[in-house]
Structures are given as C-alpha cells and as structure tokens.
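Architecture at a glance
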Amino acid sequence: MSIGDTPITVVGNLTDDPSLNFSQQGVAVASFTIASSRRVRDQATGEWSDGDTLFLRCSAFRKLAENCAESLTRGCRAVVTGRLKQRTYEDREGIKRTVFEVEVEDVGPSLKWASAKVVKIQRDQVPAPASGTEAPPSDPWAVPQAPVAAGAGYPSTPPF
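Residues numbered from 1 in each chain as written. Predicted model: local features only at pLDDT ≥ 70, side-chain atom pairs only at ≥ 80, totals over all residues. Heavy atoms only, no water.

On to the overall build of the chain. Each helix and strand counted, the chain has one helix and six strands in total. Going from N to C terminus, the chain has its helices and strands arranged as β-β-β-β-α-β-β. By residue count, 19% of the 160 residues in the chain fall in the buried class. Here the contacts in the chain between residues at least 6 apart in sequence split such that 55% fall between residues at least 24 apart. Looking at the chain as shown, the accessible area adds up to about 12300 Å², and 51% of this sits on carbon and sulfur atoms. (Helix = DSSP H or I, 4+ residues; strand = E, 2+ residues; numbered from the N terminus. Buried < 20%, exposed > 50% of the residue type's maximum accessible area, 1.4 Å probe, protein only. Contact = heavy atoms within 4.5 Å. Areas by Shrake-Rupley, 256 points an atom, 1.4 Å probe, with all protein chains shown as cover.)

Pasting the structure below:
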C-alpha cells in the first residue's frame, strides 16, 4: 500500500455472489458487498443481538477478481483487506452522494465456522513481469528441502 492510503480489514458475510466483469482493456473486476455486524449484549436481559450493520462495496481486480468469483458465494464469511476509498457522484435526481468502497488487496474465507481447501495457482499461469525479463521460476516461494538421513530427525538449521 502507498503512503496516504487508508488500510482497512473487514470481517463479514457476502450479501450476494461476486459479480465478475471485464473492463474495456480486458481487466477482470469482481464486485461484491460485505456486511459486518457487531454483536451487542443487552445488560438488562443478558441476551446478545446484532448491532448496526456496515455494508461496504468491494472491488477486486485481475487474477484476484477471478479467484473471488470462483471461490466466494453469498453468505460466505470472508476477511477482506484493502484500501478504503471515497467516491462522490451525482444521482438521477441531481443530488450529490458520497460512498465508501474497499479496493481489495487480499481476501479469503473466514475459517472461524467453516473449513476451506486451498488450491495453489501454478506460477506459470501468472503473467510475466512487465519489465520484459524472463518469467519467474515455477515456485519461488518453495523452501528447498535439505536431504535428511532416515531416522535423523530434522536438520539443526532451516534449509534457507
């Protein structure tokens, strides 16, 4: 994130399936709304209830957008991180409106009350860097494994 951005992390439920569209330049854009409600305990009765709900419109781009559309569904609890953006527009009646949106940096399912199977994307499916240099190796994040003799346990130092 850049200096001056307003970082935000929101945990909530998707109100609908993400909609996947493509810009005129062919860039994938996934749009969805996340609803986040805090739980409030009534001191008099001791019961819990939902407090005010915050609805935030979210936009993800490129491969992240495609992954969102493929992985997330309505009602899914998700963790969204990104930049909070303010946008002003004029509605049909000519009244100026201001909305807050999240430009998604990262998103994933919440594992608090669910489980997920992560499928890693192969690096050869990711576009090469724009600098024109050669493509990255197939998995630059893989940790090289040092050979370990049978029964020897783990190496004393990490292999990196």
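By the secondary structure assignment, Asp91 is in the loop between strand S5 (77-90) and strand S6 (96-109). Within the structure, the side chain of Asp91 is placed 2.8 Å from the backbone nitrogen of Ile95, a separation counted as a polar contact. (Polar contact = N/O pair within 3.5 Å; in protein donor to acceptor, adjacent residues only side chain to side chain.)

Glancing now at the confidence of the model for the chain. Predicted confidence across the chain gives a mean pLDDT of 82, with 76% of residues reaching 70 or more. Under a pLDDT of 50 for its full length, residues 150-160 has, in the predicted model, six contacts with residues more than four places off or in other chains. (pLDDT = per-residue confidence, 0-100.)

With that settled, consider the nonpolar core. Phe32, Ile34, Cys58, Cys68, Val80, Val104 and Val107 are the most contacted members of the largest nonpolar core, which totals 18 residues. Counting residues per element, the ones that place at least two in this core are strand S1 (7-14), strand S3 (28-41), strand S4 (48-61), helix H1 (62-71), S5 and S6. Not counting residues within four places of it along the chain, the set of residues in contact with Val80 comprises Ile8, Thr9, Val10, Phe32, Ile34, Cys58, Val102, Val104, Asp106 and Val107. (Core = buried A, V, L, I, M, F, W, Y, C linked by side-chain atoms within 4.5 Å.)

This paragraph deals with the pattern of salt bridges. Tallying each qualifying case throughout the model produces seven salt bridges. The partner of Arg83 in a salt bridge is Asp5, and the shortest N-O contact between them spans 2.9 Å. Here Arg83 is found in strand S5, whereas its partner Asp5 is found in the segment before S1, with 78 residues between them in sequence. Taking the relative accessible area as the measure of exposure, Asp5 reaches 24% and is therefore partly exposed. Through salt bridges with shared partners, a single ionic network connects Asp5, Arg83, Glu103 and Glu105. (Salt bridge = Lys/Arg side-chain N within 4 Å of Asp/Glu carboxyl O.)

In the sheet, S1 pairs with S3 via two bridges, with the strands oriented antiparallel. Looking at S3, one finds that Leu14 is bridged to Ile34. As judged from the four bridges shared by strand S2 (residues 19-22) and S3, these two strands associate in the antiparallel manner. Note that in S3 the partner of Leu20 across the bridge is Ala30. In this structure, the hairpin formed by S2 and S3 is closed by a connection of five residues, where Gly26 is found at a positive phi of approximately 90°. Note that S3 and S4 share 12 bridges and pair antiparallel. Residue Arg39 lies in a different strand from S4, and its bridge partner there is Asp50. Counted between consecutive antiparallel strands, the loop separating S3 from S4 contains six residues, among which Gly46 sits at a positive phi close to 80°. (Pairing = 2+ DSSP bridges.)

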